[in-house]
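# Architecture and fold: a report
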Number of protein chains: 2
Amino acid sequence: MAGRTGPQAGKSESEAEDLRKRSGLLWDAQQRPGRGPKPTVRREDVVQAAISLADRDGLAALTMQAVAERLGFTTMALYRYFPNKEALIDASVDAAMGTPPERSGPRESWRVEVKLWAFAKRAMLCSRPWLAELPFVAAPHGPNWLSWHEAFLQTLADTGLSPEDMMDMLSVVHGYVSGSSDTAISLARAMSRGITPEQWAQAVGADLCRAINDPRYPMLSAILQSSSGGITESSPLPARGGRPRTMEESFDFGLERVLDGIQRYLDSLKTP
Amino acid sequence: MAGRTGPQAGKSESEAEDLRKRSGLLWDAQQRPGRGPKPTVRREDVVQAAISLADRDGLAALTMQAVAERLGFTTMALYRYFPNKEALIDASVDAAMGTPPERSGPRESWRVEVKLWAFAKRAMLCSRPWLAELPFVAAPHGPNWLSWHEAFLQTLADTGLSPEDMMDMLSVVHGYVSGSSDTAISLARAMSRGITPEQWAQAVGADLCRAINDPRYPMLSAILQSSSGGITESSPLPARGGRPRTMEESFDFGLERVLDGIQRYLDSLKTP
DNA sequence: ACTCATTTGTGTACGACATACACAGATAAG
DNA sequence: CTTATCTGTGTATGTCGTACACAAATGAGT
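Predicted, not measured: the structure shown is a model, and the values here were computed from it.

Analysis parameters
Residues numbered from 1 in each chain as written. Chains lettered and ligands numbered in written order. Predicted model: local features only at pLDDT ≥ 70, side-chain atom pairs only at ≥ 80, totals over all residues. Helix = DSSP H or I, 4+ residues; strand = E, 2+ residues; numbered from the N terminus. Buried ≥ 20, exposed ≤ 12 C-beta atoms within 10 Å, placed from the backbone. Contact = placed C-beta atoms within 7 Å. Least-squares fit on C-alpha atoms with pLDDT ≥ 70 in both. Nonpolar A, V, L, I, M, F, W, Y, C, P; charged D, E, K, R; others polar. Domains from an automatic or database assignment. Arc of directions from axis to C-beta. pLDDT = per-residue confidence, 0-100. Core = buried A, V, L, I, M, F, W, Y, C linked by C-beta atoms within 7 Å. Axes fitted to C-alpha atoms, helices over the stretch in contact; angles between N-to-C directions. Left-handed = near helix turned anticlockwise from the far one by under 90°. Expected span 1.5 Å × (residues − 1).

### Here we look at the overall build of chain A
Counting its secondary structure elements, chain A contains eleven helices and zero strands. Along chain A, from the amino end to the carboxyl end, the secondary structure elements read α-α-α-α-α-α-α-α-α-α-α. Expressed as a percentage of the 272 residues in chain A, the buried residues total 40%. Looking at chain A alone, contacts between residues at least 24 apart form 65% of all its contacts between residues at least 6 apart.

### Description of the relation of the copies chain A and chain B
Both copies of the chain are placed relative to one another by a rotation about an axis and a shift along it. For the match of chain A to chain B, the screw axis carries a shift of 0.0 Å, the RMSD comes to 0.0 Å, and the turn is 180°. Taken together, the rotation and translation describe the operation of a two-fold axis. A shared binding surface is used by both copies, with 99% of the interface residues of chain A retained as interface residues in chain B.

### Quick look at the interface of chain A and chain B
Each partner contributes to the interface: chain A provides 78 residues, whereas chain B provides 78 residues. Listing elements by their share of the side of chain A that touches chain B, those giving two or more residues are α1 (15–27), α6 (143–155), α7 (163–180), α8 (182–192), α9 (197–209), α10 (218–226) and α11 (247–270) of chain A. The dominant element in the side of chain A that touches chain B, judged by the number of residues it contributes, is α7 of chain A, at 14 residues. Of the residues assigned to the side of chain A that touches chain B, the class counts are 38 nonpolar, 21 polar and 19 charged.

### Digging into the domain arrangement of chain A
Residue and element names in this part refer to chain A. In terms of domains, chain A is made up of domain 1 (15–29 + 36–97) and domain 2 (110–183 + 247–270). A straight line from the C-alpha centre of domain 1 to that of domain 2 covers 28 Å. The interface is formed by 15 residues belonging to domain 1 together with 14 residues belonging to domain 2. Among the elements that take part in the side of domain 1 that touches domain 2, helix α4 (residues 85–97) stands out by supplying seven residues, more than any other. Each residue belonging to the side of domain 1 that touches domain 2 can be placed in one class, and the counts come to nine nonpolar, two polar and four charged.

### Structural notes on helix α10 (residues 218–226) of chain B
Burial in α10 of chain B covers these residues: Leu220, Ser221, Ile223 and Leu224 of chain B. Angularly, the buried residues of α10 of chain B cover 165° about the axis, an arc narrow enough to put them on a single face. Those residues of α10 of chain B that are buried are in contact with α6 and α7 of chain A together with α9 (197–209) of chain B.

### A few points about the confidence of the model for chain A
All names here are of chain A. For chain A, the average pLDDT comes to 87, and 88% of its residues sit at 70 or higher. The least confident element of chain A, judged by mean pLDDT, is α1 at 84; the most confident is helix α3 (residues 64–71) at 98. Scored below 50 in pLDDT, residues 1–12 makes 15 contacts in the model with residues more than four places away or belonging to other chains. In the predicted structure, residues 228–241 sits below a pLDDT of 50 and forms 41 contacts with residues beyond four places in sequence or in another chain.

### Topic: the nonpolar core
In terms of nonpolar packing, the biggest core is built from 73 residues, with Val173, Tyr176 and Val258 of chain A together with Val173, Tyr176 and Val258 of chain B touching the most fellow members. Excluding residues within four positions of it along the chain, Val258 of chain B makes contact with Val172, Arg257, Val258 and Gly261 of chain A together with Val172, Val173 and Tyr176 of chain B.

### A word on the packing of helix α2 (residues 43–57) of chain B against helix α3 (residues 64–71) of chain B
Residues and elements named next belong to chain B. Their axes nearest at 9 Å, the elements α2 and α3 cross at an angle of 115°. Like other packed secondary-structure pairs, α2 and α3 cross with a definite hand, here right-handed. Between α2, through Asp45, Val46, Ala49, Ala50 and Leu53, and α3, the contact on the second element is made entirely by Ala66, Val67, Arg70 and Leu71.

### Section: helix α5 (residues 110–127) of chain B
Since the α-helix turns once every 3.6 residues, residues separated by three or four places project in the same direction. All names here are of chain B. Counted at 1.5 Å a residue, the expected span for α5 with its 18 residues is 26 Å, and the 25 Å between its end C-alpha atoms agrees. Of all the residues in α5, the buried ones are Trp110, Val114, Trp117, Ala118, Lys121, Arg122 and Cys126. For α5, the buried positions fall inside an angular range of 165° around the axis, keeping them on one side. Residues of α5 that are buried sit in contact with α6 (143–155), α7 (163–180), α8 (182–192) and α11 (247–270).

Given below as structure tokens:
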């Protein structure tokens, strides 16, 4: 976004080189040669300031000036800690992600453990909705990011899956969780901006309602109308007959399907 | 991001009101009262200019100045077509999404159709990687966005699922597709920036490789080492024994699990 | 203790960008 | 023909990321 070199490739440092540098900044804690004055704060403090700003007012509030002011710095002083905003964000993202919760009780079945993992990840994303605001798709993967992956793999440790299958299962669950948390994240973001859930649901529902009676959307139109006799506009996905599922229940429902699919694969391995 | 009103709520127009307006701009084609001069171009032309810029150089290249120049306009002239950049992006996103491919042959089983839909959606996302760069999570849903939903629902038309279950299945598949296409999108973006797949894979693989021999990541470390005897750094997810799956094969593998899960649910409905 | 290379934080400056505002020419309804 | 109204232009403002040069602080080597 900001510091992008420019259109075509061919600058002094290739884009690939750039990725490597970003990754290095996340992992290699460079040692301080003890010549000049000591830094006033630690890199971690800068990151915390950045995170607290994003937590309060979203990613847009995370500006170099705001972070600096938060620390009692001049803007330019930040560049002694991070070479550019991108690097600061990389570090903030990894720190904000945190580590997955430790297992509190005894080891459960893989299914229970995966489920806990998925809900934990979803909760993490919803609690920091600005993570989903990030325009950087291929941010380098830091220590905490890896720790989430590690935690997932541990849930499958006893299943006898091959390493390659494990990685693919990770991709399935991670994909489902991050992809399907969109609406919940969006709601979380709206709420942190002072929108009530009702207002938000109404706004999102309103878009869907435009499909009603539009010949381009026969199925959608039918579904929306059939549900609980007329659209209420009070539920994110339109209100449904009986007791409409909450967003969390919908997430759980989908997760159960995914887990069923994994289960079936495990079964197929046992009885070929 | 850009045009955000500011930190706390309480401006002249509430955030919720703002969402409604954005949605309205996407749907309600306001009629031209025929008093002044005719506009030089159509809204659609502006959108196309914006899309072509984003296609070429990513979302960062989509600036009001660049779009205006593309059209032979002054920057400010754009504001006669869209009230702000956000509105232009909303429109560009929906247009860029396009409509799902028409069914060419006869109706297939739900499973085949869902699969086609998922691959089509994935292909769409990969062909326009900047869509994933969007910092706006809760963009209003336009006509094309709804058409993708509609197409999905039609694939399930014969399954006998209840409307509410259909919507949840949509959420499952859509979640999986968009969530798990991350790496493919990232690769697509990198390639459009002149990075070779090898360079990209190496950069992404390098992050993972940091886990090796790190006591914090026992499982990950073991998996990475076990795979095909030593990490090659030549595959996005680390190379795996035998013939490592390509990214597309991994996507397919995961999709099959998801479809199995749905299948199982369908079966459970038939034999309660 | 003295020196000086090195590092930290500061001040200033610049270029990109979104956008507000006022204006000039074009146009069609009356 | 008049005039309200719409289109595109020119200019200005505020925010933001960041380059650059400098002064004060600091500690390694003498």
